[in-house]
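Letter by letter, the chains look like this.
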Amino acid sequence: MKLKKNIATSEAGFIFNPATGDSFAANPLAADILARAKAGQDAAAIKADILERYDVAPGQLEKDWDDLLAQLREFNLLD
């Protein structure tokens, strides 16, 4: 997952695309995922940490991860 360089995010989950003026709100976990992705952490490391910190089955994590990526693509936030 690679966010476009111009996408602004906040710890509170605010996401802003200055190219379009669109803004979005993410839940705390999604905000953490986006911050880690912007910092260059790879998907495998992010997922491993989520599996360690939360009571979630690997299959459910993959489904939710794919849903998050689909939303980010739909809103044109990924490179």
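Counting restarts for each chain: residues are numbered from 1 in the order of the written sequence. Two thresholds apply to this predicted model, a pLDDT of at least 70 for residue-level local features and 80 or more for giving and counting side-chain atom pairs, whereas whole-chain, interface and lining totals are computed over all residues. Each side-chain value is worked out from all heavy atoms of the structure, with water and hydrogens disregarded.

Brief notes about the layout of surface pockets
Alright, step 1. By volume, the largest pocket amounts to about 370 Å³.
Alright, step 2. Grid points spaced at 1 Å over the protein atoms alone were grouped into cavities, where a 1.4 Å probe fits but cannot get out, and pockets, open sets with protein on both sides within 12 Å along at least five of seven lines, with lining residues defined by an atom within 4 Å of a point. Asn27, Ala30, Asp64, Leu68 and Gln71 are, among the 20 residues lining the largest pocket, the residues nearest its centre.
Alright, step 3. By the criteria applied, helices consist of DSSP H or I runs no shorter than four residues and strands consist of E runs no shorter than two, each listed in order from the N terminus. Elements that contribute at least two residues to the lining of the largest pocket include exactly strand E3 (22–25), helix H1 (28–38) and helix H3 (58–74).
Alright, step 4. Sorting elements by how many residues they give to the lining of the largest pocket places H3 first, with six residues.
Alright, step 5. Grouping the constituent residues of the lining of the largest pocket by class yields 17 nonpolar, two polar and one charged. Grid points are joined across faces, edges and corners, and a volume is the space filled by probe spheres set on the points. Residue classes follow a fixed rule: Ala, Val, Leu, Ile, Met, Phe, Trp, Tyr, Cys and Pro count as nonpolar, while Asp, Glu, Lys and Arg count as charged, and any other residue, Gly among them, counts as polar.

So, the pattern of salt bridges
Alright, step 1. Within this document, salt bridges are pairs made up of a side-chain nitrogen of Lys or Arg and a carboxyl oxygen of Asp or Glu, the two lying within 4 Å of each other. Considering all chains together, one arrives at six salt bridges under this definition.
Alright, step 2. We note a salt bridge from arginine 36 to aspartate 32, for which the minimum N-O separation is 3.1 Å. Taken as a pair, arginine 36 and aspartate 32 lie in helix H1 at a separation of four residues, close to a single helical turn.
Alright, step 3. Whether a residue is buried, partly exposed or exposed follows from its accessible area with a 1.4 Å probe, protein chains only, as a fraction of its type maximum: under 20%, in between, or over 50%, in that order. Overall, arginine 36 belongs to the buried group, its relative accessible area being 18%.

Topic: the sheet that holds E3
Alright, step 1. Taken in spatial order, the three strands line up as E1-E2-E3 in an open sheet, and their pairing is antiparallel. Two strands close off the open sheet at either side, each with one partner strand: strand E1 (8–9) and E3.
Alright, step 2. As judged from the two bridges shared by E1 and strand E2 (residues 14–17), these two strands associate in the antiparallel manner. Looking across to E2, one finds that threonine 9 is bridged to isoleucine 15. A strand pair is defined by DSSP finding two or more bridges across the two strands.

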